[in-house]
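# A look at the structure
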Amino acid sequence: MATRIGFLACADTLPGAGERRGDAFEHDLVTAALRPAFEEAGLELVEIDWRAPLEDFANIPLVLLGTAWDYQDHPDEFLAKLEQLDAGGIAVHNPPAIVRWNADKRYLKHLAAMGAATVPTRWLEGIDAAGVSDAMDHFAVDRVVVKRQVGAGGLGQFSFSRSNPPDPDWTMGRPCMVQPFLPSVVEEGEYTFFFIDGDFSHGVLKRAAEGEYRIQSLYGGYECDYTPSPADLATASDVVEALPFARPLYCRIDMARLPDGHLAVMEAEMIEPYYYPEQGPELGPRMAAAIRVRLA
Ligand SMILES: Nc1ncnc2c1ncn2[C@@H]1O[C@H](COP(=O)(O)OP(=O)(O)O)[C@@H](O)[C@H]1O
Ligand SMILES: [Mg+2]
């Protein structure tokens, strides 16, 4: 009998669950890429809501965090569930310790301290209109991006410029991070490097829709094939080396080009990244092989 592998989803990414998110088609693309390769390797992909009761996880020795894309609105509940699965002897990938580390973008400070190239960032407990202006002065730029320290999918993110400043009474009353706006994200796109078991698997160039700077499909972004140059791949591999976890089952390094021409890490996604199966035809067999090693 095939070994059941759980692919966690949430109510609005799971197929057949009524109203689905605008990017639920990405769930379908990933599962369609993994399923046949898993079968070849004697594994059965089981899509399962992360909120399903523990008994539904019986006979599932390993779960992938999959498309549990609503977790950031319920981080404590999500982590508690992962801990429960882990305590029940289920291998959770990536494990709760990685999730805890990766859920707060301050991990970028760790990567910078370990020598990885990172996007220049100011870390603040909150910010107001004057703070936005200060940040532009600090970075000597005319446009900045303000993001949540805990967040994903571009939610709660702002882009301000000297000519399009926040309202005078605007504030963001939560821990945030400010970065210079990198024009390369619009001009060339954002680069993704997908690593399986610590080895580079495939690259993706993500472009924003006309008039947008966020590359996510929710904002009209689209993907192109991308074969990194040796120098760019080396920069991404250095980020993986700088992680405090050796050979995570999967890890997606998102990078953007700085004005000096070098790539810098924007995010190391180790929780529930989209795997970009269309740009990585070997994704399925590689994931299946890495899972087999972990089950052994
Ligand atoms: N410093 C920046 N310069 C230009 N664009 C940015 C910058 N930071 C983020 N973006 C855009 O916003 C998107 C979301 O930001 P990101 O840091 O990836 O957070 P998350 O994906 O967790 O919401 C990026 O994919 C990119 O398109
Ligand atoms: Mg991102």
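This write-up is about the structure you can find in this document. In this text, all values refer to a predicted model and were calculated from it rather than measured experimentally. (Residues numbered from 1 in each chain as written. Chains lettered and ligands numbered in written order. Predicted model: local features only at pLDDT ≥ 70, side-chain atom pairs only at ≥ 80, totals over all residues. Heavy atoms only, no water.)

Here the focus is the sheet that holds strand 2 (residues 43-49). Pairing within the open sheet is parallel, and its four strands lie in the order 2-1-3-4. The open sheet has two free edges, formed respectively by strand 2 and strand 4 (91-93), since each of these has just one partner strand. The average undirected angle you get between the axes of adjacent strands in this sheet is 30°. Where strand 3 (residues 62-67) meets strand 4, three bridges bridge the pair, whose relative direction is parallel. Among the inter-strand pairings, Leu62 is bridged to a residue of strand 4, identified as Ala91. Packing of helix 1 (residues 24-40) onto the sheet brings it into contact with strand 1 (3-9), strand 2 and strand 3, and relative to strand 2 it is tilted by some 150°. (Pairing = 2+ DSSP bridges. Helix = DSSP H or I, 4+ residues; strand = E, 2+ residues; numbered from the N terminus. Axes fitted to C-alpha atoms, helices over the stretch in contact; angles between N-to-C directions. Contact = heavy atoms within 4.5 Å.)

When helix 5 (residues 129-139) is considered as a whole, its buried residues turn out to be Ala129, Gly131, Val132, Ala135, Met136 and Phe139. Axial view of helix 5: buried residues confined to an arc of 160°, hence all on one face. Of the residues trailing helix 5, Ala140 is marked for its positive phi of about 55°. (Buried < 20%, exposed > 50% of the residue type's maximum accessible area, 1.4 Å probe, protein only. Arc of directions from axis to C-beta.)

Bringing the sheet that holds strand 15 (residues 263-269) into the picture now. Strand order in this open sheet of five strands is 13-12-11-14-15, and the pairing throughout is antiparallel. Each edge of the sheet is formed by a strand with only one pairing partner; in this case those strands are strand 13 (222-225) and strand 15. The sheet shows a mean angle of 30° between the axes of neighbouring strands, direction not considered. As judged from the six bridges shared by strand 11 (residues 190-196) and strand 14 (residues 250-257), these two strands associate in the antiparallel manner. By the bridge assignment for strand 14, Phe195 is matched with Cys251.

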